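Commentary on secondary and tertiary structure
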Amino acid sequence: MIGLDVYLYPDGIRVADPDDIIRWEKERELYDPHVRLFVALFPYNPSLMSPNPNTSEELPFQRGQVIKVYGDKDADGFYHGECAGRFGYIPSNMVAEIPVYDGDLKLELFQQGFLPEAYSPPESRAPSSITAPSSMSSEASSSVPDDVKVRRMVAIFDYDPWESSPNLDMEDELPFKTGDIIYVFGEMDSDGFYYGDLHGCRGLIPSNYVEALPWN
């Protein structure tokens with residue numbers, strides 16, 4: 001007896017071909033709670049932006065693109081996932097998880113390819129290198145001029161520079177947790193970083209990980 005896979009289409013039943021079976025397997029993955037969806041916060045071109053010398057296994061993507069991620073990030077701060085039919089590594093600081101757990105909705109979002117505009121992350125600038133603001137050099141990090149504007153920010157994602165930063169020198173960056181209140185001094189620098197204070201510790205903060213928190 002020969003076993004055949006069949007598929008019920010709106011216009012009737014037909015025998016499944018190999019492409020059908022591959023597609024079903026990919027769709028079924030999205031019902032696995034260990035397979036998650038992320039959205040790209042920035043456009044990413046590995047050949048231009050990656051800190052790694054070999055970028056052949058990294059995935060390029062566009063801002064707002066939906067990415068399927070398998071498991072947790074590795075020791076270098078990269079996820080492994082799928083985007084636009086390609087598999088590879090994704091820098092964790094360039095993406096954010098979409099809090100969707102229903103398999104049908106995950107499948108629908110992934111098939112769309114891009115997050116709807118209403119739910120897309122706000123426009124921001126990706127960090128390219130670690131350089132302290134000229135007015136906030138390391139020598140002056142213990143004090144801030146009286147005329148510098150101070151604002152409150154709240155962290156909207158966890159950030160560990162040693163795991164998430166694409167930069168080689170991350171000593172000047174400040175780690176924080178979601179919900180932390182950070183006091184920011186002055187304006188964002190040309191690399192997309194603020195200089196701020198968290199519980200008495202001061203350092204650089206990626207602007208795409210925080211949002212403004214009014215004083216009142």
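Residues numbered from 1 in each chain as written. Predicted model: local features only at pLDDT ≥ 70, side-chain atom pairs only at ≥ 80, totals over all residues. Heavy atoms only, no water.

1. Notes on the overall build of the protein chain
Stated formally: Working definition: helices are DSSP H or I runs of at least four residues, strands are E runs of at least two. Numbering for both runs from the N terminus. The criterion used for residue contact is that any of the two residues' heavy atoms lie within 4.5 Å. Using a 1.4 Å probe, accessible areas were evaluated by the Shrake-Rupley method; residue-level cover was limited to the displayed protein chains.
A count of helical and extended segments in the protein chain gives 4 helices and 12 strands. Here the contacts in the protein chain between residues at least 6 apart in sequence split such that 58% fall between residues at least 24 apart. When the accessible area of the protein chain is evaluated, it comes to approximately 12,600 Å², of which 54% is carbon and sulfur surface.

2. Considerations on the environment of Val 35
Along the chain, Val 35 turns up in strand S3 (residues 35–40). Once the C-alpha coordinates of Val 35 and Gly 81 are considered, the two residues, 46 residues apart in sequence, prove to be 9.0 Å apart. Beyond its immediate chain neighbours, meaning those up to four positions away, Val 35 contacts Glu 29, Leu 30, Lys 68, Val 69, Tyr 70 and Lys 106.

3. With respect to the confidence of the model for the protein chain
Condition: Confidence per residue, as judged by the predictor, is encoded in pLDDT with a range of 0 to 100.
Taken as a whole, the protein chain shows an average pLDDT of 77; of its residues, 71% reach a score of 70 or greater. Confidence, expressed as mean pLDDT per element, reaches its minimum in the protein chain at strand S1 (residues 6–9) with 53 and its maximum at strand S4 (residues 66–70) with 95. Between residues 118–142, whose pLDDT stays under 50, and residues either more than four places distant or in other chains, the model counts 51 contacts.

4. Digging into the pattern of salt bridges
The cut-off we apply is this: Criterion for a salt bridge: a side-chain nitrogen of Lys or Arg within 4 Å of a carboxyl oxygen of Asp or Glu. We call a residue buried when its accessible area falls under 20% of the maximum for its residue type, exposed when it is over 50%, and partly exposed in between, using a 1.4 Å probe and counting protein chains only.
Within the structure shown, the criterion is met by 7 salt bridges. With its nearest N and O atoms 3.6 Å apart, the salt bridge here joins Asp 72 to Arg 36. With Asp 72 in the loop between S4 and strand S5 (78–83) and Arg 36 in strand S3, this pair connects stretches of sequence that are 36 residues apart. Classification of Arg 36 by relative accessible area gives buried; the value is 17%. For the salt bridge of Lys 68 with Glu 82, the shortest nitrogen-to-oxygen distance reads 3.2 Å. You can see Lys 68 sitting in strand S4 and its partner Glu 82 sitting in strand S5, a full 14 residues away along the chain. Look at Lys 68 and you get buried, because its relative accessible area is 0%. Overall, the relative accessible area of 4% leaves Glu 82 in the buried class.

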